Amino acid sequence: MDDARWPGSRHWLQTWTALDGTRIALRPVRPQDASDLGTLISALAPQTRRRRFHGAINGASAAWIGRMVDPDPHRELALVVEVGMPGAGQLVAEARWARCDTDEAEFALVVDDAWQRQGIGRRALIALLASAGERGLRWMRGDVLADNLPMLSLAHRLGFDLGHADDGCTRIGRRLRSARSAGGVATRRTWLERLTGLAM
Ligand SMILES: CC(C)(COP(=O)(O)OP(=O)(O)OC[C@H]1O[C@@H](n2cnc3c(N)ncnc32)[C@H](O)[C@@H]1OP(=O)(O)O)[C@@H](O)C(=O)NCCC(=O)NCCS
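The chain carries the name GNAT family N-acetyltransferase in an unreviewed UniProt entry, which gives Pelomonas cellulosilytica as its organism.

Novice: What am I meant to see in the pairing of strand β7 (residues 161-166) here?
Specialist: Regular strands place their side chains on alternate faces of the sheet. With 0 of 6 residues buried, β7 is to be regarded as a mostly surface element. As judged from the 4 bridges shared by β7 and strand β8 (residues 169-175), these two strands associate in the antiparallel manner. Bridging across to β8, Ala165 finds its partner in Thr170. Between β7 and β8, which pair antiparallel one after the other, the connecting turn spans 2 residues, and Asp167 there sits at a positive phi close to 60°.

Novice: Before we go on, may I ask you to explain the environment of His74 in this structure?
Specialist: Tracing the chain through its elements places His74 in the loop between α3 (62-68) and β3 (76-83). Accessibility expressed as a relative area gives 59% for His74, which makes it exposed. Ignoring anything within four residues of it in the chain, the contact list for His74 reads Arg99 and Arg135.

Novice: Any chance you could explain the packing of aromatic side chains here in plain terms?
Specialist: Aromatic ring pairs are described here by two measures, namely the spacing of the ring centres and the angle between the planes. Across all of its chains, the model carries 2 aromatic pairs by this definition. When the ring of Phe53 is compared with that of Trp64, the centres are 5.5 Å apart and the planes differ by 70°; the resulting orientation is edge-to-face. Placement of Phe53 in helix α2 (residues 46-53) and of Trp64 in helix α3 is noted, with a sequence separation of 11 residues between them. For Phe53, a relative accessible area of 18% puts it in the buried group. For the ring pair Phe107 and Phe160, a centre distance of 5.5 Å and an interplane angle of 45° mean the geometry is tilted. Of this pair, Phe107 sits in strand β5 (residues 104-111) while Phe160 sits in the loop between α5 (149-157) and β7, and the two are 53 residues apart along the sequence. On the basis of relative accessible area, Phe107 is assigned to the buried category, the value being 8%. With relative accessibility at 3%, the residue Phe160 sits in the buried group.

Basis of the calculations
Residues numbered from 1 in each chain as written. Predicted model: local features only at pLDDT ≥ 70, side-chain atom pairs only at ≥ 80, totals over all residues. Heavy atoms only, no water. Buried < 20%, exposed > 50% of the residue type's maximum accessible area, 1.4 Å probe, protein only. Helix = DSSP H or I, 4+ residues; strand = E, 2+ residues; numbered from the N terminus. Pairing = 2+ DSSP bridges. Contact = heavy atoms within 4.5 Å. Phe/Tyr/Trp six-rings, centres within 6.5 Å; stacked < 30°, edge-to-face > 60°.

Next comes the structure, spelled out in structure tokens:
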């Protein structure tokens, strides 16, 4: 079923099971996630934090976390990945986009170090692309530190064009296919698979 705030979200909100049986859910962030999101950010390894925030933030202020868990629904989407009991699990990733132009959004994401290389980043980025397409956006971009090979590899696999590194940063971008122009609900799964080149 769709999240009420996001028509079409049933096509990109997901739950799945890890190999050890742990339940994993990709869902919109909620204000009550503030404390758990703070814990996730604080626990990031220095390199992971640098890659996500392009700087050496050590922790996150309550005001900043407050903004992160209360995105403006008119121009932002923020997702989290929760493992364990719904509503009482651990947040292991956050992913977001913000509209920065009429039809363009910028994204960022991070996966907890202990949970990397398990397909979470890929699922989260696919969901960001799909949700932005659902909203009628046409272009997704990101700025990635030039030495961030995991993110550049993931982006390349999902069809992003990689620009030249400038000042240690690589601008990446890819076109989005609007679900509105791709037809109705019945075609969206096919559209999403075409968008990403990957079966969900
Ligand atoms: C980049 C990041 C989000 C990837 O998340 P993840 O859950 O580990 O990625 P996945 O397991 O979904 O891997 C998907 C693909 O990403 C690439 N990748 C991920 N980790 C990689 C690594 N350590 N080395 C090389 N490629 C890697 C691979 O192409 C991988 O596909 P494969 O497993 O078939 O080889 C994660 O490493 C991270 O949080 N990094 C720090 C924050 C960051 O860089 N954010 C981006 C700022 S915009």
